[in-house]
Amino acid sequence: DVEVRYRRLDKRRIGFELGDHDPARPLRIDPRIGLASFFGAGGNERIEDAAFDAAGALWVVGQTNSPAFPLPPAGFPSPRRGASDVFASKFVRQVDAAGGETWSLVTTLFLGGSGRDRAAGIGIDAGGRVYVIGDTQSRDFPVSNDGEQRDLAGGSDAFVTVLRQSDFPFFSLSGEETAPAQGAFTNYEIEYSTLVGGAGEETAVDGFVAPFADDRGLPCAILAAQSNSSDLRTTTFAFQERNAGGTDAYFGVFCRQTGQGYPLTYGSFLGGSREEAGAAMAIAASGSFCVGTRTTSGGLPASGLQRGLAGATEAYLACFSPIRRRFGLPFLYRETGSTYWGGSAGETLVDLAIEDIG
């Protein structure tokens, strides 16, 4: 037997990592499929991301325009509202006495307004809160009373929504501080929801949950997006406070603060005078983080392996370490390195990860 485990190579690829073995001998990898299923109805569906919670339940998030999207057997009717809505569905695994396993759909939540709504990422924190990140063209997208931005500022804005589970199904009346996560009875409610955008266009690329150098270790929602807005909010001491031209990458970190919702803790652009496409972010347990994008811009700060463009398009990376956060001051960071990365043709950055080497 050879030790083997799955390894995530990037956002859309999974590979195998092997233990010690003799490469001269034949090797067979025979993974067991635990769950394989179509999921949808009569329209069009896309799954954009998936995550496990602490109990091993599987959440998938995407968008649908199907009028009869699958609901749990005991689910309440929950009509969609617009051209396409975001869905978040939860599956749990049961194992019988013989060791056989089945997966059951137990929750489907919809988020959206009268326009087009799209998901980009999902994360689950240790307390079971569900974080959904995406973008919307709906002027009536559900936002909470404490959301930092409650009105659509441009043609398309990003959004960050946090859902928490209630002990019992409820129906929230208009005017209450929390709103139902779907248009009928549900045991999930919107704890916090905000739009993130400016006068231009924002497109969410990725989203997840991670601690972000916070002394109390509270979870943070991470948004990686593209933006061509000149008025999108950034924070003090951001790596890049303004859009430098065209479409730039944008990164927003929304950390939970007791009694204050999820205010913007860190927000920064990343880009130059030409076009950037895609955005990726990775965070280490220490609070250090790296951001990256695909760029056609020359002249970006580059202290690392490659100081400038070698071809038409390159990957570009910048990494930072926290200095301190005391007495209510903004997060302060020290740049630990930045570099272009590419050759004479073209490169596209897909994803980032930080390896903890101890």
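What this report covers is the structure whose coordinates are included nearby. (Residues numbered from 1 in each chain as written. Predicted model: local features only at pLDDT ≥ 70, side-chain atom pairs only at ≥ 80, totals over all residues. Heavy atoms only, no water.)

## Points about the nonpolar core
Reasoning step 1: Core analysis: the largest hydrophobic core is formed by 24 residues, its most contacted members being Phe212, Met281 and Phe289.
Reasoning step 2: Only strand E11 (202-211), strand E12 (219-227), strand E13 (248-255), strand E14 (264-270), strand E15 (276-283), strand E16 (289-295), strand E17 (314-324) and strand E18 (332-341) provide two or more residues apiece to this core.
Reasoning step 3: No other element matches the 4 residues that E13 contributes to this core.
Reasoning step 4: Core analysis: the second largest hydrophobic core is formed by 20 residues, Ala51, Ala88, Val132 and Leu163 among them. (Core = buried A, V, L, I, M, F, W, Y, C linked by side-chain atoms within 4.5 Å. Buried < 20%, exposed > 50% of the residue type's maximum accessible area, 1.4 Å probe, protein only. Helix = DSSP H or I, 4+ residues; strand = E, 2+ residues; numbered from the N terminus.)

## As for the sheet that holds strand E4 (residues 58-64)
Reasoning step 1: Across the sheet, 4 strands lie side by side as E3-E4-E5-E6; this open sheet has antiparallel pairing. Both edges of this open sheet fall to strand E3 (45-52) and strand E6 (101-111), since each of them pairs with a single strand only. Here the average twist between neighbouring strands, direction ignored, is 25°.
Reasoning step 2: Two strands pair when backbone bridges link them, and strand E5 (residues 85-95) and E6 are joined in this way by 10 bridges, in the antiparallel orientation. Its bridge partner being in E6, Val92 is matched across the sheet by Ser104. (Pairing = 2+ DSSP bridges. Axes fitted to C-alpha atoms, helices over the stretch in contact; angles between N-to-C directions.)

## What to know about the sheet that holds E14
Reasoning step 1: The strand order E11-E12-E13-E14 describes an open sheet built from 4 strands, whose pairing is antiparallel. Pairing within the sheet leaves two strands with one partner each, and these edge strands are E11 and E14. Each adjacent strand pair in this sheet contributes to an overall mean axis angle of 15°, direction not counted.
Reasoning step 2: Here E13 runs beside E14; their pairing, made up of 6 bridges, is antiparallel. By the bridge assignment for E14, Val253 is matched with Tyr266.

## Some remarks on the layout of surface pockets
Reasoning step 1: Approximately 970 Å³ is the volume found for the largest pocket.
Reasoning step 2: Leu35, Ala50, Phe52, Leu58 and Val60 are, among the 27 residues lining the largest pocket, the residues nearest its centre.
Reasoning step 3: Elements with a contribution of two residues or more to the lining of the largest pocket: strand E1 (4-10), strand E2 (13-18), E3, E4, E5 and E6.
Reasoning step 4: Among the residues making up the lining of the largest pocket, the classes are represented as 15 nonpolar, 2 polar and 10 charged.
Reasoning step 5: Estimated volume of the second largest pocket: approximately 770 Å³.
Reasoning step 6: In terms of lining, the second largest pocket is formed by 26 residues, of which the most central are Arg8, Asp351, Leu352, Ala353 and Ile354.
Reasoning step 7: Among the elements of the structure, E1, E3, strand E7 (117-124), E11 and E15 are those that each provide at least two residues to the lining of the second largest pocket.
Reasoning step 8: In terms of residue class, the lining of the second largest pocket is built from 15 nonpolar, 3 polar and 8 charged. (1 Å grid on protein atoms, 1.4 Å probe; cavity = no way out; pocket = protein on both sides within 12 Å on 5 of 7 lines; lining within 4 Å. Points joined across faces, edges and corners; volume = space filled by probe spheres on them. Nonpolar A, V, L, I, M, F, W, Y, C, P; charged D, E, K, R; others polar.)

## Here we look at the side chain of Glu276
Reasoning step 1: Inspection of the secondary structure assignment puts Glu276 in strand E15.
Reasoning step 2: Buried and unpaired, Glu276 has Arg274 as its nearest opposite-charge partner, separated by 8.0 Å.
Reasoning step 3: A distance of 2.4 Å separates polar atoms of two side chains, one belonging to Glu276 and the other to Thr295.
Reasoning step 4: At 2.8 Å, the side chain of Glu276 and the side chain of Ser297 are in polar contact.
Reasoning step 5: Beyond its immediate stretch of four places on either side in the chain, Glu276 contacts Thr247, Asp248, Ala249, Leu270, Gly271, Thr293, Arg294, Thr295, Thr296 and Ser297. (Lys, Arg positive; Asp, Glu negative; His and termini not counted. Salt bridge = Lys/Arg side-chain N within 4 Å of Asp/Glu carboxyl O. Polar contact = N/O pair within 3.5 Å; in protein donor to acceptor, adjacent residues only side chain to side chain. Contact = heavy atoms within 4.5 Å.)

## Side note on a nonpolar patch on the surface
Reasoning step 1: Judged by side-chain polarity, Val4, Tyr6, Ile14, Phe16, Leu18, Leu27 and Ile29 come together as a nonpolar surface patch covering roughly 640 Å² of accessible area.
Reasoning step 2: Elements with a minimum of two residues in the nonpolar patch: E1 and E2.
Reasoning step 3: Counting residues per element, the nonpolar patch draws most heavily on E2, which supplies 3 residues.
Reasoning step 4: Residue position: Tyr6 is located in strand E1. (Patch = residues over 30% accessible without salt bridge, like charges linked within 9 Å, V, L, I, M, F, W, Y side chains within 5 Å. Areas by Shrake-Rupley, 256 points an atom, 1.4 Å probe, with all protein chains shown as cover.)

## Topic: the state of the cysteines
Reasoning step 1: Taken as a whole and assessed by the stated rule, the structure comprises 2 disulfides.
Reasoning step 2: Note that Cys220 is cross-linked by a disulfide to Cys255, the S-S spacing being 2.0 Å. When the S-S torsion is 100°, as for the bridge of Cys220 with Cys255, the disulfide is right-handed. Of this pair, Cys220 sits in strand E12 while Cys255 sits in strand E13, and the two are 35 residues apart along the sequence.
Reasoning step 3: A residue is classified by how much of its surface remains accessible, and Cys220, at 0% relative accessible area, is buried.
Reasoning step 4: What connects to what in the protein chain, once the bonded cysteines are numbered by sequence position, is 1-2, 3-4. (Disulfide = S-S within 2.5 Å.)

## Description of the packing of aromatic side chains
Reasoning step 1: For the structure shown, the criterion picks out 20 aromatic pairs.
Reasoning step 2: With 5.0 Å between their ring centres and 75° between their planes, Phe39 and Phe69 make a pair best called edge-to-face. Of this pair, Phe39 sits in the loop between E2 and E3 while Phe69 sits in the loop between E4 and E5; the two residues are 30 residues apart in sequence, bridging distant segments of the chain.
Reasoning step 3: For Phe69, a relative accessible area of 5% gives the class buried.
Reasoning step 4: Aromatic rings pair up to connect Phe212, Phe239, Tyr266, Phe289, Phe320 and Tyr333 into one cluster. (Phe/Tyr/Trp six-rings, centres within 6.5 Å; stacked < 30°, edge-to-face > 60°.)

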